[in-house]
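# Coordinate analysis (summary)
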Amino acid sequence: MPKPMSAARRTSIAGLLTATSLVLALSGCATYDVTAPADARADAPAAEVKKKDTADAKAKDGKAPGNDVDCRKAKCVALTFDAGPSENTNRLLDILKEEKVHATFFMLGENHVDKRPAEVKRIDAEGHELANHTWSHQILTDISPAAAKREMSRLQEAVHKITGKTPKLMRPPQGRTDESVSKISKDLGLAQVLWSVTAKDYQTNDSALITKRVLEQTERDGIILLHDIYKGTVPAVPGILKELKKRGYTVVTVSQLLSPAKPEPGMVYRP
């Protein structure tokens, strides 16, 4: 029998802020489940909490690698990149390696994963999180359920073929989701991840402006959205990371941000 959910953990809503009126008009009572990272951590099953605490204790004693972070204690922010890999990805990976930071990559299939398998392998090999941004960036709420499922499952299959791993996280294009998309995500074993920080780097190549926008919006337990496909974004990353660390943030992947909770298929995670 499934575990009952707390009111803090789940909020039944009719749509995202960008699409509320549309969803209400078209579906009336359509709902899906949303939770914030802090609420997910607070509601983590006791077994997962114990497992996490045991692993942390072993790491502290030097009996296990101590490279994980506990965002219940640390001031965390998740760093995510959408729509790659691209010609800029290797440079980004060099920066992340130099800074000892791991990120989550929400990858596109068409003209990205299918054209750059070496970058996908490197993302995985260097400890970053593989995630799904659909095959061709179609708006999932605007297409049929069957087409939406193909958009997600085709990317899953491509990443698994390259790395042997299947993503557990999905970011719907433009953040647009609904009850149907959530159901499909659940069937495919995918949790949905939105964001709280956007540099709107698709509007500008000004790296200084991208940096400014990120730093102005970042708060604890936030999720930063950037795109490694745009010219101004990767050059902004060193300055962003330097200032975040100066402000006391620990930069993590989405799954690290949620831990000891595990990403729940179908759930929408939004700071």
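So, here is what we can say about the structure in this document.

About the criteria used
Residues numbered from 1 in each chain as written. Predicted model: local features only at pLDDT ≥ 70, side-chain atom pairs only at ≥ 80, totals over all residues. Heavy atoms only, no water. Salt bridge = Lys/Arg side-chain N within 4 Å of Asp/Glu carboxyl O. Helix = DSSP H or I, 4+ residues; strand = E, 2+ residues; numbered from the N terminus. Buried < 20%, exposed > 50% of the residue type's maximum accessible area, 1.4 Å probe, protein only. Contact = heavy atoms within 4.5 Å. Polar contact = N/O pair within 3.5 Å; in protein donor to acceptor, adjacent residues only side chain to side chain. Pairing = 2+ DSSP bridges. Right-handed = clockwise from strand over helix to strand, strands pointing away. Disulfide = S-S within 2.5 Å. Phe/Tyr/Trp six-rings, centres within 6.5 Å; stacked < 30°, edge-to-face > 60°.

### Topic: the pattern of salt bridges
For the structure on display, the rule yields 13 salt bridges. D187 serves as the salt-bridge partner of K183, at 3.3 Å between the closest nitrogen and oxygen. In this pair, K183 and D187 are both assigned in helix α8 (residues 179-187), 4 residues apart and thus about one turn of the helix distant. Per residue, the accessibility class of K183 equals that of D187, and both read exposed. Shared partners join several salt bridges into a network, and the residues in it are E87, R116 and E119.

### Some details on the environment of T233
For T233, the location among the structural elements is in helix α10 (residues 233-246). Among residues more than four places away in sequence, those in contact with T233 are D201, I210, L226 and H227. Polar contacts involving the side chain of T233 include one to the main-chain carbonyl oxygen of H227, which spans 3.2 Å.

### Concerning unusual backbone geometry
That bond from G84 to P85 is cis: its omega, 0 degrees, falls within 30 degrees of zero. Mapped onto the fold, P85 is located in the loop between β3 (76-82) and α4 (89-99). Along the chain, S259 connects to P260 via a cis peptide bond; the corresponding omega equals 15 degrees. By the element assignment, P260 lies in the loop between α11 (254-258) and β11 (268-269). The backbone phi angle of A83 is positive, close to 80 degrees, even though this residue is not glycine. Mapped onto the elements, A83 comes out in the loop between β3 and α4. At K100, a residue that is not glycine, the phi angle is positive and equals roughly 60 degrees.

### Looking at the pairing of β3
Of all 7 residues in β3, 7 are buried; the element is thus mostly enclosed. Burial along β3 is two-sided: the face carrying C76, A78, T80 and D82 and the face carrying V77, L79 and F81 are both buried. In terms of strand pairing, β3 meets strand β10 (residues 250-252) through 3 bridges, oriented parallel. Bridge pairing in β10 links C76 to T250. Taken together, the 6 bridges between β3 and strand β9 (residues 222-227) define a ladder with parallel strand orientation. Bridge pairing links V77 to G222 in β9. Examined bridge by bridge, β3 and strand β4 (residues 104-107) share 3 bridges and lie parallel to one another. Opposite F81, over in β4, you have F105 as the bridge partner. Between the parallel elements β3 and β4, the chain passes through α4 in a crossover that is right-handed.

### Focus: the pairing of strand β5 (residues 129-132)
The alternating pattern of β5 places E129 and A131 and L130 and N132 on opposite faces, both of which are buried. One ladder, built from 4 bridges, connects β4 with β5; its direction is parallel. Within the sheet, the bridge partner assigned to T104 lies in β5 and is E129.

### Details of the state of the cysteines
As enumerated under the stated definition, the model contains 1 disulfide in all. Here C71 pairs with C76 through a disulfide, and the sulfurs are 2.2 Å apart. Taking the torsion about the S-S bond as the criterion, the C71 to C76 disulfide, at about -90 degrees, is left-handed. Take C71 and C76: they sit in the same class, and that class is buried.

### Overview of the packing of aromatic side chains
Summed over all chains, the structure comprises 1 aromatic pair. Ring centres of F81 and F105 lie 5.5 Å apart, and the angle between their planes is 25 degrees; on these two criteria the pair is classed as stacked. Placement of F81 in strand β3 and of F105 in strand β4 is noted, with a sequence separation of 24 residues between them. Take F105: its relative accessible area is 2%, and that puts it in the buried class.

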